[in-house]
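Examination of the molecular architecture
Here is what each chain is made of, one letter per residue.
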Amino acid sequence: MAARIPLPESLSGQLEKLVSEKCRSGKLQLEEAVSLFHRLLRAEKPNPSIYTLNTLLVTISKMNHPNSYPTVVSLFNRLKQAREICVSPSIHTFGVVINCCCRMGRVGLGFIVLGQLFRAGCIVNPIIFGPLLKGLCIENRIGDAAKMFDKMSLMGCSPDLVMYNTLLDGLCSNGNTKLGLRLYEEMARKGWSCEPNVVTYNTLIKGLCNEGDVSVGLEWFEKMNAKRVAPNVRTYTTLIDGLFKSSDFVRAFKVFEEMIVKGVVPDSITYNTLISGQSRIGNMDKAFELFNEMVRIGHVPNVITYNSLIDGCCKQGNLGIAFKLIEEMIQKDYKPNVVTYSCIIHSLSVDGQWKNAIRIFSEMINNEVSPDVVTFNVLVDSLCKNGLTCDAKRIIVLMEERGEKLDVVTYNSLMNGFILEGHLDGALELFQIMVQMGIKPSQHSYNIVINGHCKSERIEEAMNMLDEMRKQGVKPNVVTYNILLDTFFKKHRLDDVKDILSRMANQGVPLSEISKNILIERVANWKGDGNIAEFVKSLDIVKSSS
């Protein structure tokens, strides 16, 4: 029997083999990948397999290139329009393209591709919906995500554990942890197919801690252990961060100790959290001790680590150490960022070193680090407090040129600057501009203007502003009343003093030490009509504060 002679491999087959080898190599560049895709579409029969085309699309989607996702979408459109071959996109093709649409922030385009999938008669699976769900959550379209989630079952496509966790993260990240807890109950009812895992519990605990419910977060930590779901480094780090933010420092370190005992190795994020917490409370010795421990066990400090230490040093007035840390950062090729510069500028401003603050600000601009609204506000406030409102206005012009919008803090600083310089009308004009711009005045805004009116002896206008403040739903505080109390005492207006003290009593505003000092000093030196001392003693507010 004659031996069978093997048929020569077709050019199309040779090209598919080349594509597979190139994709496996990990060295394929975007331009070459696009060229190979077009060659496959132009290849002679037999047609290339959709498997090979999909392999190429997946490889492109995973490339670290800014145009990788748009390229996948473009090649997909080219495949659909191709007349020279008879290859239809598969469910996997649609999945890759939908994922790319969502990853480049084009969820709407992803839904268009989903519509094409339905028209092509493909049977959908949960994997197709995953990127769309995540994309909607990233865009904070949680309502739309929930609707799509509910509709999946109607399409015969039940959400899996990954999708439940995705929606849960969307809810908790947007302050809807209560709804997230209800979703958890639904997961638990589904049994083994959607049994909550460590990701589920971590998401809930993080949501609760972010919303200030750290004690409830700790309860869920205990529940997690009871369910025999082992906490990981993220669980412990989230709890430590939440406890630090709620000022429960003792419990935070107990959680850290438990983490070590349980054999969970802290990572750089854990150490950054601990260093940040210690720096916030001014315990810099402990912060540096943790920093040294972090380095000793092999974790590399990053910009976040250094910024925490710099911020802590600045708040304690240790600018020398802060500048040394910046030098160390630069030596290690870490570029100081907006947070780094803002800490230094704020510290210099508080210390009255506004010239050095401006110098650092200029250095920041020269180093191509864009100031944010916080940086600008710190500098504007410092200049205004030092009687340099004109210089502050120039900073604001730069702020607007760089696309940063003025906020209530910016306006407050400027208004205060005008009043310190005796320009009440300028401050009032700014107040009106702020309102017209849709920025709601704060307590501090009203206090600044009321103080300005009192200093200019426009007391009736000050009282009108107090009434306006309450009409707008902004509650006067002890600072508001102290300004008016001091003014009325100086003017010997006993009835108005009584009115202010009565308002404070009725509204439950307690006397501060400043309030008490005003009363003691002014009552002792009272030269007006009426027995003010007896009246003050008769007020419950004084009794409750004494």
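Given the structure is predicted, the values throughout are model-derived calculations rather than measurements.

1. Things to note about the overall build of the chain
Each helix and strand counted, the chain has 31 helices and 0 strands in total. With the C-alpha coordinates aligned to their principal axes, the bounding extent of the chain is approximately 135 × 55 × 55 Å. In the chain, which comprises 546 residues, the share counted as buried stands at 44%. Restricting to contacts in the chain with at least 6 residues of sequence separation, those with at least 24 account for 59%. A total of about 28800 Å² of accessible surface is found on the chain, and carbon and sulfur atoms cover 52% of it.

2. Structural notes on the pattern of salt bridges
For side chains bearing opposite charge, pairing can occur when the charged atoms are close. Per the stated rule, a full pass over the model turns up 17 salt bridges. Note that Asp311 is salt-bridged to Lys315, the shortest N-O span being 3.1 Å. Residue Asp311 and its partner Lys315 are located together in helix H17 (residues 303-315), separated by 4 residues, close to a single helical turn. Note on Asp311: relative accessible area 22%, which makes it partly exposed. With relative accessibility at 56%, the residue Lys315 sits in the exposed group.

3. As for the nonpolar core
In terms of nonpolar packing, the biggest core is built from 156 residues, with Leu56, Ile310, Ile344, Ile450 and Leu484 touching the most fellow members. A per-element tally of this core places helix H5 (residues 91-103) first, with 7 residues. Contact partners of Ile310, with chain neighbours within four places excluded, come to Ala322, Leu325, Ile326, Met329, Thr340, Cys343 and Ile344.

4. Concerning the confidence of the model for the chain
When pLDDT is averaged along the chain, the result is 87; 91% of the residues meet or exceed 70. Overall, residues 1-8 carries pLDDT values under 50, and its contacts beyond four positions in sequence, including any with other chains, amount to 0 contacts. Note on residues 540-546: pLDDT is under 50 here. Beyond four places in sequence and across chains, it has 13 contacts.

5. A closer look at the packing of aromatic side chains
Counting across every chain of the model gives 13 aromatic pairs. Ring centres of Phe76 and Phe94 lie 5.5 Å apart, and the angle between their planes is 70 degrees; on these two criteria the pair is classed as edge-to-face. Residue Phe76 is found in helix H4 (residues 68-81), and its partner Phe94 is found in helix H5; the two are separated by 18 residues along the sequence. With respect to class, Phe76 is no different from Phe94; both count as buried. Taken together, the ring pairs in this structure connect Tyr184, Tyr201 and Trp220 into an aromatic cluster.

6. Structural notes on helix H22 (residues 389-401)
In this model, H22 (13 residues) spans 18 Å end to end at C-alpha, consistent with the 18 Å of a helix rising 1.5 Å per residue. Of the positions making up H22, those classed as buried are Thr389, Ala392, Ile395, Ile396 and Met399. One face of H22 carries all of its buried residues, which in axial projection span an arc of 110 degrees. Exposed positions of H22 whose direction lies more than 90 degrees from the buried face are Cys390, Arg394 and Glu401. Those residues of H22 that are buried are in contact with helix H20 (354-366), helix H21 (373-385) and helix H23 (408-420). Immediately beyond the C-terminal end of H22, within one or two residues, lies Gly403, with a positive phi of roughly 85 degrees.

7. Looking at the packing of helix H7 (residues 126-138) against helix H9 (residues 161-173)
It is the contact of H7 with H9, at a shortest axis distance of 9 Å, that shows an interaxial angle of 5 degrees. Taken together, the axes of H7 and H9 lie roughly parallel to each other. Facing Pro126, Phe129, Gly130, Leu133, Lys134 and Cys137 of H7, the residues of H9 in contact are Met163, Thr166, Leu167 and Gly170. Considering only residue class, the contact of H7 with H9 consists of 6 nonpolar, 3 polar and 1 charged.

8. Let's talk about the side chain of Arg503
Inspection of the secondary structure assignment puts Arg503 in helix H28 (residues 494-506). Filtering out sequence-adjacent residues up to four positions away, Arg503 remains in contact with Met463, Leu466, Asp467 and Tyr481.

9. Some remarks on helix H24 (residues 424-436)
Since there are 3.6 residues in each turn of an α-helix, residues three or four apart along the chain are aligned in direction. Between its first and last C-alpha atoms H24 spans 19 Å; for 13 residues at 1.5 Å apiece the expected length is 18 Å, and the two agree. Those residues of H24 not exposed but buried are Leu424, Ala427, Leu428, Leu430, Phe431 and Met434. Projected onto a plane normal to the axis of H24, the buried residues spread over an arc of 160 degrees and lie on a single side. Relative to its buried face, H24 has exposed residues pointing more than 90 degrees away, namely Asp425, Glu429 and Gln436. For H24, the secondary structure elements touched by its buried residues are H23, helix H25 (443-455) and helix H26 (459-471).

Conventions adopted
Residues numbered from 1 in each chain as written. Predicted model: local features only at pLDDT ≥ 70, side-chain atom pairs only at ≥ 80, totals over all residues. Heavy atoms only, no water. Helix = DSSP H or I, 4+ residues; strand = E, 2+ residues; numbered from the N terminus. Buried < 20%, exposed > 50% of the residue type's maximum accessible area, 1.4 Å probe, protein only. Contact = heavy atoms within 4.5 Å. Areas by Shrake-Rupley, 256 points an atom, 1.4 Å probe, with all protein chains shown as cover. Salt bridge = Lys/Arg side-chain N within 4 Å of Asp/Glu carboxyl O. Core = buried A, V, L, I, M, F, W, Y, C linked by side-chain atoms within 4.5 Å. pLDDT = per-residue confidence, 0-100. Phe/Tyr/Trp six-rings, centres within 6.5 Å; stacked < 30°, edge-to-face > 60°. Expected span 1.5 Å × (residues − 1). Arc of directions from axis to C-beta. Axes fitted to C-alpha atoms, helices over the stretch in contact; angles between N-to-C directions. Parallel < 35°, antiparallel > 145°, perpendicular 65-115°, else oblique. Nonpolar A, V, L, I, M, F, W, Y, C, P; charged D, E, K, R; others polar.

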